[in-house]
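# Survey of secondary and tertiary structure
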Amino acid sequence: MAATEAKAVSGSAAIVADSPDSSTLGEAQTLPHEARASLLESGEDFEMLDQEEEDDEDDDDISDLPPLEDAGNKKKEEKPDESGAGSSRSRDTQSRDPDRDRERTEEWLEVLGNGMLKMKTLVAGKGEDTRPKKGQDVKVHLRTMLEDGTTVEEDPSLSFTLGDGDVIQALDICVHLMELEEKALIYTDAKYAYASLGCPSPAVPPNASLSLEVQLLEVKPAPDLELLLPREKMELASRKRERGNVYYQRGEFVYAITSYGIALQVAESSSKVDSTLDEDAGLLDVKVKCLNNMAAAQLKLEHYEAALKSCTSVLDHQPDNIKALFRKGKVLALQGEYSEAIGILKKALKLEPSSKTIHAELSKVMKKRLEQRGVEQAMYKKMLGNPSGSSSIGHEQRARPSWSLSWKWLFGATAVAIGGVALSVVIAARN
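Residues numbered from 1 in each chain as written. Predicted model: local features only at pLDDT ≥ 70, side-chain atom pairs only at ≥ 80, totals over all residues. Heavy atoms only, no water.

Within an unreviewed UniProt entry, the label attached to the chain reads peptidylprolyl isomerase, and the organism entered is Huso huso. Note on the chain: under the UniProt heading Catalytic activity (unreviewed entry), the record states "[protein]-peptidylproline (omega=180) = [protein]-peptidylproline (omega=0)". (UniProt positions renumbered as here; feature names shortened; annotations may be inferred.)

Structure (structure tokens):
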């Protein structure tokens, strides 16, 4: 998530949101264990797939403001040099406003109005009409410093897509306000940097405020996805997915889902370039990994319908995808659909009998189904006025009718006999 974590986007750090889907662990591996959102906590990490993914080498790859009006500066004629840069410098001179430049270099700009993100121009840029727009690719020179002035990292050529979440929020927001060739100093609270987790690379402690010295070097349009070669498209989609993995490991699941969504847009985009069957299979593999990782993040957020949709999309392409089967079964169980969940989990277990994770989940779901049936039976009894109790009474009544009738007749006959004898004695006594 850091300014320099964009390097992870360029392929240097692949963090495992869905650990079976990534073969490299990168910088998130060094996060404290308690700070990481491990899939093992939710039973979503399959040991039997680790080796398979380690062998997969390809997996290493994942305001507009109106133009500044002329302040009336006199045009200065410049003799073009041999490279033709003279006319460019002339236009740059015309677009600069000395008063505006002086004001910007003397004052801090409250970016969000809460005192937690501020920026100050050190060297003025080429004018407001050169500000980058969301979706454009930018290149900056970045120096990251702690509050005591210690430089933790410097990158002279950091590239990222503006608004895609490729870097920390402070950098993403402030570069949007910068002009081409402008140099600025940014102060950011930890909230818009590495928050309470900090970062191992660059070495930023938890809850650390940062100062970023940034110069905007280049602005260019994002590549046309339709014109990208299949290999380039796979690399771009993989970089975006790996960025989502960084967010996942930090527990920032909303940002993770956003990055996975961008990766899916790249992988699913139409193309005007011919591709081979192997390249199509590679793009499908990236798409499946994005959907699986997205389902994991959606489960963390308890967005069960969305997670179910992601799993179903994977299974539409790969009906025997174990991770998708496992997560779909888990989602259905969380929704109370125990019978359907058991069927899907049994299928996953049949495909991978050695998985202790699937065994444990299946046992848990079967136990819950038994509990559900017990509750249902108790509810039916209550609705029917305790039919089990009534039936038992009926059985007793049906089992005892001949005995109860015999005793009643015997008791009556005895009473009559005794009464007759008593009456005879009384009559005899009177006589």
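Structure shown, so let's carry the discussion forward.
## Some points on the sheet that holds strand 6 (residues 210-220)
What the six strands build is an open sheet, ordered 1-2-5-6-3-4; its pairing is antiparallel. Each edge of the open sheet is held by one strand with a lone partner, namely strand 1 (109-110) and strand 4 (151-161). (Pairing = 2+ DSSP bridges. Helix = DSSP H or I, 4+ residues; strand = E, 2+ residues; numbered from the N terminus.)

## Structural notes on a nonpolar patch on the surface
Together, Met379, Tyr380, Met383 and Leu384 line one region of the surface with nonpolar side chains, adding up to about 480 Å² of accessible area. Assignment of secondary structure puts Leu384 in the loop between helix 12 (356-383) and helix 13 (387-399). Taking the relative accessible area as the measure of exposure, Leu384 reaches 63% and is therefore exposed. (Patch = residues over 30% accessible without salt bridge, like charges linked within 9 Å, V, L, I, M, F, W, Y side chains within 5 Å. Areas by Shrake-Rupley, 256 points an atom, 1.4 Å probe, with all protein chains shown as cover. Salt bridge = Lys/Arg side-chain N within 4 Å of Asp/Glu carboxyl O. Buried < 20%, exposed > 50% of the residue type's maximum accessible area, 1.4 Å probe, protein only.)

## Brief notes about the side chain of Glu352
With respect to the secondary-structure elements, Glu352 resides in the loop between helix 11 (338-351) and helix 12. For the buried Glu352, no salt bridge is present, and the opposite-charge side chain at shortest range is Lys323, 11 Å distant. A polar contact is formed between the side chain of Glu352 and the side chain of Ser354, at a distance of 2.5 Å. (Lys, Arg positive; Asp, Glu negative; His and termini not counted. Polar contact = N/O pair within 3.5 Å; in protein donor to acceptor, adjacent residues only side chain to side chain.)

## Considering the pairing of strand 6
Pairing of strand 3 (residues 137-146) with strand 6 involves 10 bridges; the strand directions are antiparallel. Along strand 6, the bridge assignment pairs Arg143 with Glu213.

## Details of the pairing of strand 4
As judged from the eight bridges shared by strand 3 and strand 4, these two strands associate in the antiparallel manner. Bridge pairing in strand 4 links Val140 to Leu158. Turn length for the strand 3-strand 4 hairpin, with the two strands adjacent in sequence and antiparallel, is four residues, and the turn residue Gly149 shows positive phi of about 95°.

## Topic: the side chain of Glu182
Summarising the element assignment, Glu182 is placed in the loop between helix 5 (169-175) and strand 5 (183-188). Within polar-contact distance, the side chain of Glu182 engages the side chain of Thr121 at 2.8 Å.

## Side note on unusual backbone geometry
Between Ser201 and the following residue, Pro202, the backbone shows a cis peptide bond with an omega angle of 5°. As for its position among the elements, Pro202 is in the loop between strand 5 and strand 6. Phi is positive for Glu181, close to 70°, though the residue is something other than glycine. The topology assignment puts Glu181 in the loop between helix 5 and strand 5. A positive phi angle, near 55°, is found at Ala195, a position not held by glycine. Along the polypeptide, Ala195 turns up in the loop between strand 5 and strand 6.

## So, the nonpolar core
If you look at the biggest cluster of nonpolar residues, it comprises 42 residues, and the most contacted ones within it are Tyr248, Ile358 and Val365. For this core, the secondary structure elements donating two or more residues are helix 6 (230-249), helix 7 (253-268), helix 8 (277-300), helix 9 (304-317), helix 10 (322-334), helix 11 and helix 12. (Core = buried A, V, L, I, M, F, W, Y, C linked by side-chain atoms within 4.5 Å.)

## With respect to helix 10
The first and last C-alpha atoms of helix 10 sit 18 Å apart over 13 residues, in line with the 18 Å expected at 1.5 Å per residue. With 12 of its 13 residues buried, helix 10 lies for the most part within the structure. Among all positions in helix 10, only Ile322, Lys323, Ala324, Leu325, Phe326, Arg327, Lys328, Gly329, Lys330, Val331, Leu332 and Ala333 are buried. By the N-cap criterion, in which a side-chain oxygen at the helix start approaches the backbone nitrogen of a residue two or three places on, helix 10 is capped by Asn321, the distance to Lys323 being 3.3 Å. Looking one or two residues beyond helix 10, the residue adopting positive phi is Gly336, at roughly 85°. (Expected span 1.5 Å × (residues − 1).)

## Some thoughts on the packing of helix 8 against helix 9
Two elements in contact, helix 8 and helix 9, have axes separated by 8 Å at closest approach and are oriented at 155°. Between helix 8 and helix 9, the angle is such that the two are roughly antiparallel. Note that helix 8 runs across helix 9; the crossing there is left-handed. Residues Leu284, Lys287, Val288, Leu291, Asn292, Met294, Ala295, Gln298 and Leu299 of helix 8 pack against Tyr304, Ala306, Ala307, Ser310, Cys311, Ser313, Val314 and His317 of helix 9. Tallied by class, the residues present in the contact of helix 8 with helix 9 amount to 11 nonpolar, five polar and one charged. (Axes fitted to C-alpha atoms, helices over the stretch in contact; angles between N-to-C directions. Parallel < 35°, antiparallel > 145°, perpendicular 65-115°, else oblique. Left-handed = near helix turned anticlockwise from the far one by under 90°. Contact = heavy atoms within 4.5 Å. Nonpolar A, V, L, I, M, F, W, Y, C, P; charged D, E, K, R; others polar.)

## Let's talk about the pattern of salt bridges
Tallied over the entire structure, the rule returns 13 salt bridges. Where Glu218 meets Lys139, a salt bridge forms, and the shortest distance between an N and an O atom there is 3.6 Å. Residue Glu218 is found in strand 6, and its partner Lys139 is found in strand 3; the two are separated by 79 residues along the sequence. Given the relative accessible area of 29%, Glu218 is considered partly exposed. We classify Lys139 as partly exposed; its relative accessible area is 26%. Connected via shared salt-bridge partners are Lys139, Glu218 and Lys220.

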